[in-house]
Amino acid sequence: MLLNLREEYEYGKLDLEDVSENPVLQFHQWFQEALSRGLPEPYAMTLATANAQGRPSARTVLMRNYSDGGFVFFTNYDSRKGQDLSENPCAALLFFWAELQRQVRIEGVIEKISKADSEAYFQSRPKGSQIGAWASPQSRAIAGRQVLEEQVRALEMKYENVDKLPLPDNWGGYLLRPDSIEFWQGRPSRLHDRIHYSRLDHGSWKIERLAP
């Protein structure tokens, strides 16, 4: 039964004296370890949004950049997540690296990145992915998969001799500027380590341990 399924967490620990004063640097350390361990898609993250009525929605997206300024992902602006963010720009990210028994929770406010940066990334993607972005009316109901396939064939013919397609008007990047970041390390007996960073008004971070 599911009630009897459990795993003991014994990979590591996390103490206040061990973490960086900058949560993005702490994230970088953990992310690099996830990469070096060969974890599958460690840049995959759950993005949670809510519309103007507060109805939540979550899905997995890919982080494409991060810095002190925040965390970047790309999508169709007309998608459900895009509509949510136009109504309510507050959102949350979750990274879960099961092999390391770690998760990172990030909350903050989201804004669009520049069109130039969106275009640069869009045109760096494989041509098939560029065509897919043009072909898909993301999150909208369609009559069947053949609708997408017909759109793809038409676009392949139109851009047969072009490797870099123009950027769609409704496609681009978002930047989440974090004001809360929590690092979670699984520990035995469910006494997990939780180190939380909250941004202060002057830009520095308050660091504290949370009860599991």
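A quick note: this is a predicted structure, and the numbers were derived from the prediction, not measured.

Student: Now, about the packing of aromatic side chains: what can you tell me, with residues and values included?
Tutor: In this description, an aromatic ring pair is defined by two values, namely the gap between the centres and the angle between the planes. Scanning the entire structure with this criterion turns up 19 aromatic pairs. Judged by centre distance (6.4 Å) and plane angle (40 degrees), the ring pair of F31 and W97 falls under tilted. Of this pair, F31 sits in helix 1 (residues 23-36) while W97 sits in strand 5 (residues 90-97), and the two are 66 residues apart along the sequence. Neither residue differs from the other here; F31 and W97 are each classed as buried.

Student: Which residues make up the environment of G12, and what values go with them?
Tutor: Along the chain, G12 falls in the segment before helix 1. Take G12: its relative accessible area is 24%, and that puts it in the partly exposed class. For the pair G12 and R187, spaced 175 residues apart in sequence, the C-alpha separation works out to 7.1 Å.

Student: Before we move on, can you summarise the pattern of salt bridges with the specific residues and values?
Tutor: Scanning the entire structure with this criterion turns up twelve salt bridges. R102 is paired through a salt bridge with E33; the nearest N and O atoms lie 2.9 Å apart. Placement of the pair is R102 in strand 6 (residues 102-112) and E33 in helix 1, with a sequence separation of 69 residues. Look at R102 and you get buried, because its relative accessible area is 8%. Here E33 falls in the partly exposed class, since its relative accessible area comes to 24%. Between R105 and E182 there is a salt bridge, with the nearest N and O atoms lying 3.2 Å from each other. In this pair, R105 is assigned in strand 6 and E182 in strand 7 (residues 171-185), connecting sequence segments 77 residues apart.

Calculation notes
Residues numbered from 1 in each chain as written. Predicted model: local features only at pLDDT ≥ 70, side-chain atom pairs only at ≥ 80, totals over all residues. Heavy atoms only, no water. Phe/Tyr/Trp six-rings, centres within 6.5 Å; stacked < 30°, edge-to-face > 60°. Helix = DSSP H or I, 4+ residues; strand = E, 2+ residues; numbered from the N terminus. Buried < 20%, exposed > 50% of the residue type's maximum accessible area, 1.4 Å probe, protein only. Salt bridge = Lys/Arg side-chain N within 4 Å of Asp/Glu carboxyl O.

Note that all results are geometric; they support no functional claim without further evidence.
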